[in-house]
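# Coordinate inspection notes
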Amino acid sequence: MSTSLPPLPLRDVHQRPLRNLRLSVTDRCNLRCQYCMPEDEYAWLPRHDILHFEEIERLVDVFLFLGVDKVRLTGGEPLLRRDVTELVARLASRLGIRDLAMTTNGVLLRPAAPDLKRAGLHRLTVSLDTLQADRFERLSRSAEFHRVLDGLEAAAEYFPGFKIDTVAIRGVNDDEVIALLDRARALGAELRFIEYMDVGGATHWSQSQVVSRAELLGMIAAHYGAVAPVDRVDAAPADRFRLAHGQTFGIIASTTTPFCADCDRSRLTADGLWYLCLYAARGTDLRGPLRGGASADALATLIRGVWQARTDRGAETRQVVRADAPFIPLSALKRDPHLEMHTRGG
Ligand code: SAM
Ligand code: SF4
Ligand code: SF4
């Protein structure tokens, strides 16, 4: 790239660096979690719009040039993307990536884990909301629970110290907080509770179902005793805590205590739209310029300009204007799948 080097990292209007890219490799999913995909039918991204690996690599290289050093593959379900381990290998060869991670629901993980490890994936997060088979079936409308459990074992084997993400929902799985922490400990994993967010797609969201950070800490302290905060080391969204027996866990309090002030994340959808916030109504089309022959310099100039003008603080704004109704109405989601959490990748 011949563009003169920008001062790195690139900063937005609130002085937040461009560091962290969430790369959604597919909008398809093999589960239907009630907090993410509760509807019976979905509008999907057209297949011919989905970026090829070479196109993803070209965009990632521009992002790396501009200061991104953390990349997370997500979806939909990233393991549904054919040959995703090939993409992992290609990205892992980039020197600029300090942290290459994936978030998966675990269903297809057992056979994929050794290949992901070999391909050079650094870190893995598995989403897990319950340890009860019948509850899993209701929550995700799938009978694949045993495969998720097997996937968790594979994660422990190939990615020791992996993370488990749990969306805590009142009346759904809030009675499993302790059991999930115990299972994470047995697997050598770090559990992170995520507050239920009213993002696009969460059409069944209600404030009353949000289990707050304060409630979670109360439940955990009542069971284990003292809960000590652990100092933050970077702009990671989770507040981390340590229990008396040494186990650490995290809470991502995106709903009650948003962390927008430190947010260095942006999201690229599988069809090449770039979103600066989980709550952003519009993204920047990078596929059009890419397929239209734009040079790396031109793409870098476009991305730089958009990031430098970024003002998004979606979750904070939402906290102020929140109504007890979904953020985006179903009719709008049907018109534009980019508004869905499963298209943006969380
Ligand atoms: N399918 C993969 C998975 O579930 O791990 C990756 C994509 S998923 C959209 C990424 C993360 O978003 C998951 O950990 C999921 O629990 C979280 N998520 C989805 N909808 C959410 C909501 N309404 N509130 C909080 N977290 C949500
Ligand atoms: Fe569940 Fe992830 Fe699929 Fe959403 S994308 S339905 S959170 S598995
Ligand atoms: Fe970042 Fe937007 Fe989430 Fe705030 S709401 S932390 S700005 S993605």
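Before any of the text, the structure's been laid out above.
Before going into details, it helps to say that this report is about the structure given with it. (Residues numbered from 1 in each chain as written. Chains lettered and ligands numbered in written order. Predicted model: local features only at pLDDT ≥ 70, side-chain atom pairs only at ≥ 80, totals over all residues. Heavy atoms only, no water.)

## Brief notes about the packing of helix α3 (residues 109-119) against helix α5 (residues 145-158)
- Taken N-terminus to C-terminus, the directions of α3 and α5 make an angle of 20°; their axes are 8 Å apart at the nearest point. The pairing of α3 with α5 is recorded here as roughly parallel in orientation. Regarding α3 and α5, the two cross each other, and that crossing is right-handed. Taken together, the residues of α5 that come into contact with α3 (itself represented by L109, R110, A113, P114 and K117) are D150, G151, E153, A154, A155, E157 and Y158.
- In the contact of α3 with α5, the residues fall into 6 nonpolar, 1 polar and 5 charged. (Axes fitted to C-alpha atoms, helices over the stretch in contact; angles between N-to-C directions. Helix = DSSP H or I, 4+ residues; strand = E, 2+ residues; numbered from the N terminus. Parallel < 35°, antiparallel > 145°, perpendicular 65-115°, else oblique. Left-handed = near helix turned anticlockwise from the far one by under 90°. Contact = heavy atoms within 4.5 Å. Nonpolar A, V, L, I, M, F, W, Y, C, P; charged D, E, K, R; others polar.)

## Things to note about the environment of R304
- As for its placement among the helices and strands, R304 is situated in helix α9 (residues 296-308).
- The sequence separation of R304 and L10 amounts to 294 residues, and the corresponding C-alpha distance is 7.3 Å.

## Focus on the nonpolar core
- F162 and W274 are the most contacted members of the largest nonpolar core, which totals 104 residues.
- A total of 8 residues in this core trace back to one element, the largest contributor, which is helix α1 (residues 53-65).
- For F162, the residues in contact, after removing those within four places along its chain, are L124, V126, L152, A155, A156, L187, G188, A189 and E190. (Core = buried A, V, L, I, M, F, W, Y, C linked by side-chain atoms within 4.5 Å. Buried < 20%, exposed > 50% of the residue type's maximum accessible area, 1.4 Å probe, protein only.)

## Thoughts on the sheet that holds strand β6 (residues 190-195)
- With mixed pairing, 12 strands are arranged side by side in an open sheet as β7-β8-β9-β6-β5-β4-β3-β2-β1-β10-β11-β12. Both outer strands of the open sheet, β7 (227-230) and β12 (284-285), are each paired with one neighbouring strand and no more.
- Pairing of strand β4 (residues 123-127) with strand β5 (residues 163-168) involves 3 bridges; the strand directions are parallel. For T125, the partnering residue across the bridge sits in β5 and is K163. (Pairing = 2+ DSSP bridges.)

## Side note on the site of ligand 2
- Inspection of the region around ligand 2 gives C29, L31, C33, Y35, C36, M37, G76 and N105 as its neighbouring residues.
- Taken together, the residues of the shell around ligand 2 sort by class into 6 nonpolar, 2 polar and no charged. (Near = heavy atom within 4 Å.)

## Here's the deal with the site of ligand 1
- Around ligand 1, a shell composed of 20 residues is seen, among which Y35, G76, T103, S127 and M197 lie nearest.
- A distance of 2.9 Å separates a nitrogen atom of ligand 1 from a polar backbone atom of G76.
- The separation between a nitrogen atom of ligand 1 and a polar main-chain atom of M197 is 3.0 Å.
- Mapped onto the shell around ligand 1, the elements with two or more residues apiece are β3 (99-104), β5 and β6.
- Looking at the shell around ligand 1, its residues break down into 9 nonpolar, 8 polar and 3 charged. (Polar contact = N/O pair within 3.5 Å; in protein donor to acceptor, adjacent residues only side chain to side chain.)

## Topic: the pairing of β3
- Of all the 6 residues making up β3, 6 are buried; the element is thus mostly covered by neighbouring parts of the structure.
- Neither face of β3 is exposed, since D99, A101 and T103 on one face and L100, M102 and T104 on the opposite face are all buried.
- In this sheet, β3 lies alongside strand β2 (residues 70-74) in parallel orientation, the contact comprising 4 bridges. Looking at β3, one finds that R72 is bridged to A101.
- Crossover handedness for the path β2 to helix α2 (residues 84-92) to β3: right-handed.
- Between the parallel pair β3 and β4, the chain is carried across by α3, and the sense of this crossover is right-handed. (Right-handed = clockwise from strand over helix to strand, strands pointing away.)

## Thoughts on helix α6 (residues 177-187)
- Taken as a whole, α6 has its buried residues at V177, I178, L180, L181, A184 and L187.
- Taken from the residues just after α6, G188 is the one with a positive phi, measuring 70°.

## Description of the pairing of strand β9 (residues 248-252)
- Of all 5 residues making up β9, 5 are buried, and the element is well covered by its neighbours.
- Burial along β9 is two-sided: the residues T248, G250 and I252 and F249 and I251 are all buried.
- Sheet analysis places β6 next to β9, joined by 4 bridges and oriented parallel. Opposite I194, over in β9, you have I252 as the bridge partner.
- Strand direction decides the pairing type here: strand β8 (residues 239-243) and β9, joined by 4 bridges, are antiparallel. Within β9, the position partnered with R242 by the bridge is T248.

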